[in-house]
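Observations on chain architecture
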Amino acid sequence: MLLQLKNVSKWVQSGGQKTFLLKDINFWVNEGDFISIMGPSGSGKSTLLNVIGMLDGFNEGEYTFLDESVHSLKEKHRSNLYKQYIGFVFQSYHLIDELTVKENLEMPLLYKKYGSSERKSLVGDMLDRFNIVGKKDLFPSQLSGGQQQLVGIARALIASPKLILADEPTGNLNSKQGEEIMETFTQLNKEGVTIIQVTHSEKNMAYGSRVINLLDGNLV
Amino acid sequence: MFKHYIKIAYRNLVKNRMLSLVNLLGLTLGLASIMTLVFVVHAYYNANGFIQEEENLYYLKTFTTTGHSYNETTYPLLDKIKSSCPDVVAGTHLIGWNQPWLSYKDINLQERRTSYADPDFFEVFTLPLKYGDADKALKNKYDVVLTDEVSTKFFGDKNPIGEKLIFNDTLSLKIAGVLEPVSSYSSLRLGVLLTTQLLEDNPSFKEHSGWKSTFTSNTIRLRAGADVQKFEAQVMNLVRQNYADPSNVEKIKVEPYSKIRVDNIPIAGIIIKGAIATIIFVLLIVLVNLINLNTSVMYSRTKQLAVKKILGDNKKSIVFQFCLENGLLVLVSLFISSIAFVLLLLPQINETFGGNFGKIAIELPKDYPVILYFLGLGVFITLVVGALPTFRFVALPISVALKGKLNSIRKNLFFRNAFIIMQFSLAILFICTAIILNYQINFMKEAPLGYSQDNISIAKINLDYKDEKAAESKFSQILDQLKANPFVQSFSTTQMVPSAYNRSYNNFVDPETGKEVRIRYGHTDASYFKTLDIPLISGRNFRDQNEAIENGTIVINSSAMRALGWTNLDNKRLNNKGETSEGFKVIGVTEDFHYQGMQSSIEPLAHFYGGKQKLKYNNYLMLKIVKGKEKQVFQQLEADFAQIQSKRVLEYELLSDKTNAQYDILKGILKTVNFVAFFTILISCLGMFGLISLMAKKRVKEIGVRKVLGASIVKILILLSKEFIVLVGIASCIAIPIAWWLMSSWLQSFAYRIDIQWWMMVLGGALALLIVSVTVGIQSFKSAVVNPVKSLRAE
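To start, this report covers the structure provided alongside it. All values reported here derive from a predicted model rather than from experimental measurement.

Concerning the overall build of chain A
Helix and strand counts for chain A come out as seven helices and 10 strands. Whereas a compact globule of 220 residues would reach a radius of gyration of roughly 17 Å, chain A reaches 18 Å, a difference of no more than 12%. Across its three principal directions, the C-alpha atoms of chain A cover 55 × 40 × 35 Å. Burial statistics for chain A: of 220 residues in total, 42% are counted as buried. Taking contacts inside chain A between residues at least 6 apart in sequence as the whole, the part at least 24 apart equals 72%.

Description of the interface of chain B and chain A
By a frequent convention, interface size equals the accessible area lost on bringing the separate parts together. Each partner contributes to the interface: chain B provides 16 residues, whereas chain A provides 14 residues. Sorting the residues of the side of chain B that touches chain A by element identifies α1 (2-15), α11 (302-310) and α14 (398-402) of chain B as the ones contributing at least two each. With five residues, α1(B) is the single largest residue contributor to the side of chain B that touches chain A.

As for helix α23 (residues 700-708) of chain B
Residue and element names in this part refer to chain B. All of the buried residues along α23 are I703, G704 and K707. End-on view of α23: buried residues confined to an arc of 100°, all on one side of the axis. Of the residues flanking the end of α23, it is G710, one or two places downstream, whose phi is positive at about 110°.

Focus: the sheet that holds strand β8 (residues 194-198) of chain A
Residue and element names in this part refer to chain A. Spatial strand order, β6-β7-β8-β3-β9-β10: six strands in an open sheet with mixed pairing. Whereas interior strands pair on both sides, the edge strands pair on one side only; in this sheet they are β6 (86-89) and β10 (218-219). Where strand β3 (residues 34-38) and β8 come together, four bridges link them in parallel fashion. In the strand pairing of β8, S36 is matched with Q197.

Some details on the packing of helix α15 (residues 413-446) of chain B against helix α22 (residues 664-698) of chain B
Residue and element names in this part refer to chain B. Two numbers describe how α15 lies on α22: the axes approach to 8 Å, and their chain directions differ by 150°. In terms of orientation, α15 and α22 fall into the roughly antiparallel class. α22 is crossed by α15, and the crossing has left-handed handedness. Contact residues: α15 offers Q423, F424, L426, A427, F430, I431, T433, A434, L437, N438 and I441, while α22 offers L666, K667, I669, L670, V673, N674, V676, A677, T680, I681, S684 and G687.

Side note on helix α3 (residues 101-111) of chain A
Residues and elements named next belong to chain A. When you tally the buried positions in α3, you get nine out of 11 residues, the bulk of the element. All of the buried residues along α3 are V101, K102, E103, N104, L105, E106, M107, P108 and L109. As for α3, its buried residues are in contact with α4 (116-129) and α5 (145-157). At the C-terminal side of α3, K113 shows a positive phi close to 60°.

What about the sheet that holds strand β4 (residues 60-65) of chain A?
All names here are of chain A. One open sheet holds the four strands; their spatial order is β2-β1-β4-β5, and the pairing between them is antiparallel. At either end of the open sheet lies a strand with only one pairing partner, and these are β2 (17-29) and β5 (68-69). In this structure, β4 lies alongside β5, joined through two bridges in antiparallel fashion. The partner of T64 across the bridge, within β5, is S69.

Describing the nonpolar core
Counting 83 residues, the largest nonpolar core has I428(B), F430(B), I431(B), C432(B) and I692(B) as its most contacted members. At the level of secondary structure, the elements contributing two or more residues to this core comprise α2 (17-46), α10 (266-300), α12 (315-357), α13 (364-394), α15, α22, α24 (713-747) and α25 (758-784) of chain B. At 17 residues, α22(B) tops the list of elements feeding residues into this core. In terms of nonpolar packing, the next biggest core, distinct from the first, is built from 62 residues, V51(A), F65(A), L105(A) and L109(A) among them.

Some details on the packing of α5(A) against helix α6 (residues 175-190) of chain A
Residues and elements named next belong to chain A. Between α5 and α6, whose axes approach to 9 Å, the crossing angle comes to 15°. Taken together, the axis directions place α5 and α6 in an arrangement best described as roughly parallel. For the pair α5 and α6, the sense of crossing is right-handed. Here G145, G146, Q149 and I153 of α5 come into contact with α6, specifically with Q177, E180, I181 and T184. Class assignment of the residues belonging to the contact of α5 with α6 gives a composition of two nonpolar, five polar and one charged.

How each quantity is defined
Residues numbered from 1 in each chain as written. Chains lettered and ligands numbered in written order. Predicted model: local features only at pLDDT ≥ 70, side-chain atom pairs only at ≥ 80, totals over all residues. Helix = DSSP H or I, 4+ residues; strand = E, 2+ residues; numbered from the N terminus. Rg over C-alpha atoms; globule rule 2.2 N^0.38 Å. Buried ≥ 20, exposed ≤ 12 C-beta atoms within 10 Å, placed from the backbone. Contact = placed C-beta atoms within 7 Å. Arc of directions from axis to C-beta. Pairing = 2+ DSSP bridges. Axes fitted to C-alpha atoms, helices over the stretch in contact; angles between N-to-C directions. Parallel < 35°, antiparallel > 145°, perpendicular 65-115°, else oblique. Left-handed = near helix turned anticlockwise from the far one by under 90°. Core = buried A, V, L, I, M, F, W, Y, C linked by C-beta atoms within 7 Å. Nonpolar A, V, L, I, M, F, W, Y, C, P; charged D, E, K, R; others polar.

Don't take any of this as a statement about function, it's just geometry.
Here's what the structure looks like:
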């Protein structure tokens, strides 16, 4: 088992009342899963993903990731944990505008203190794998949405994480680009990467092996 | 990793080209000004650095019973002190008695800065010598010490020790030393140093060097730890025992030497204090501005920073990156501003204040600490403006930052507003200062002088003639020609002209009432008042017809008349205090006129009859010439004077130029204040520009919605700028009372001053408000006209 959530709740206080964002979530993920989180707007999909990605905390419950109890970890350990094992893919790509494709890919490696030659070969591999060698010196603004998302995925993958969290990865793309991205995810999943995606679309949901439905912060 | 940071920093600076330029401009202007001012302050405080143990140095200051004070005493006092006070290590006079001509081979020079000093000189002022031995120099009566500058004029680069200089074509002096250059901000203004022993041979000096006349400055080195009060009492005892008239002296104070510069030129103290205050203010403004701008940049980069954090960046490296970006900016700006400082501002400062305070230059071996200050300043600025704005952002939860939700960082508006208020308070303070100073200077320049300086030219006629008799006869020919010249309406030979009266005072007594008044006096001729159009209230002018009777007659001004308590001139006489002769007949009273700058009040003044028009003791030839013919008249005069053998040549100028020069320092201060006011408002507006664009960015959606709901562009303009204009309003409320208080206390030092009007203050505030409104307006207009479809879609 990769991770497990036990009775996780998250709420905000508004006007003296608790408004639940997540309520009593119980949920586990095995290695090699491809999970789709579904639900209408405001049902807590993104919040759940942020909690899993350790970008956000929660108020109650237990969260175990690779036998570590995340809820009792210090901020610093927690960020080390996600930096090492989790890759993020965002709806609006979140590439760094000031850096070229190559430099964007190199970035996570820099933080993990890889040597220069190692970085070069890893970046080269990624560029090859996603067929974007020709774009390596372009800036994000010079790419189409689909290409930017490919770079986003490549960046998430480059430090070989165990888990990829994708928040509506095709939300900003047209249907053809979207299909290509989903194909890529399927391919990655076959290669053994665990994937959790948040999505609206039934079509994308079908790529996953398991579906979790959320409504108003509850699992249904 | 580092390379990576540099790359991002560089690309960010280039991407925000406009903002970077604005930042660079403000920072460079600020730094260049700070550098210049720091250097001036540094030069001022280090100018006396050659004096070892300056804390043991003192000077004597006389306070008279009539309420005046001088930094001088009688001549023999110092020797008495030296021989009777055990605490005195050394002491020297420094007397600028005359300016003898010195010659070497065929080089003849008269040095303005000639002083006579005692053999102890080098023990008091431990000046470094370039050539010669300080233990021996000035010990011999015929020794002379030159500054490097003067020595170069005579001998070039050669070591002149042992060479002879001829003193006034008679005596032979031996060069005993050459001084290393001393900063011109030093209290010592030296050119040629001669010995007091030599001066004691001068007959007119002998006449004054008794226990009567107070005219010599004294600098004394005391034993470390000496009791100054006890010493002061000893000095006072010597005064009582020896002075011809000790009742004149209230007391003699022993003042620490470090005070002498401010004592001699009070405005120097104001300038230096002002400079220090300005350094702090400018630094504050620059810092606040950068912090504000950086904060606004931070907002637009929250997303980027969040992504970096997710990818593994930590807080430290984010702060580091910001510092690096700002460091680059500061470095470039330090570089540009040091060029501006050396090539532009320093020469400007020297030009503005050099005439009164001397010029300063950078000398690396002495001034290297300044460079260290600047580097330190750069690091300081980088750390403050790089680190401060980042702290709030790194503390933000990633999931919030990632959405780029700017609204969540709204809390610290208090600080931002305080910053803006502070910045604009300073700007308004400077503007008000500039406005008031402008009016004061204009007032002084335009106020009625009590005489007419139109079309009046003056020429100096004490040219050190080689044959005085021949000169006098040629001069009387010249005067005859002037009388015949149709372009010359009137002329006068006189010892003094307005703005150049000697500092000669005397205590005169009215023999009838016994009333004693201290009156400034000078000698002039019969046409002086006519040439200057100075009206006589009563009595008559001098008459040339009967010179013998006119000698010893006085024309006083109406201040003197008031001080003497007279209502008419019937049989009025004045006598020197303590003399029983029949004294001087007072024959006329003039209207008061401003014979010195408006900083000083009109004191009682007496004009003595100086005899018929001739060269003799007169310093000036003053001419009233038909407008436009000055050149023609002086061409003739120059040609005539060229026929008289003299050491100097005739020079002339307009009286109005000479009187205007009285305000040179003030004009320099005004120029500086104007400059500072200009760029504080500029920098503040640059900062405002950044802030308002950030505000608009934060409220882009709100603006869109409002427009969809029907708000007009004007409404949105008001919405965006209201807040800032209120802040500037608050700043005015803070700045105006301070400016009022500051300026009215400074104006107290002017005898004739403007009243500060309420509208000057309002003008200052309004000016700031106007500039801000324009800045804010332009920037808000840009966001107000954006099509709401666009701005709403972006969400």
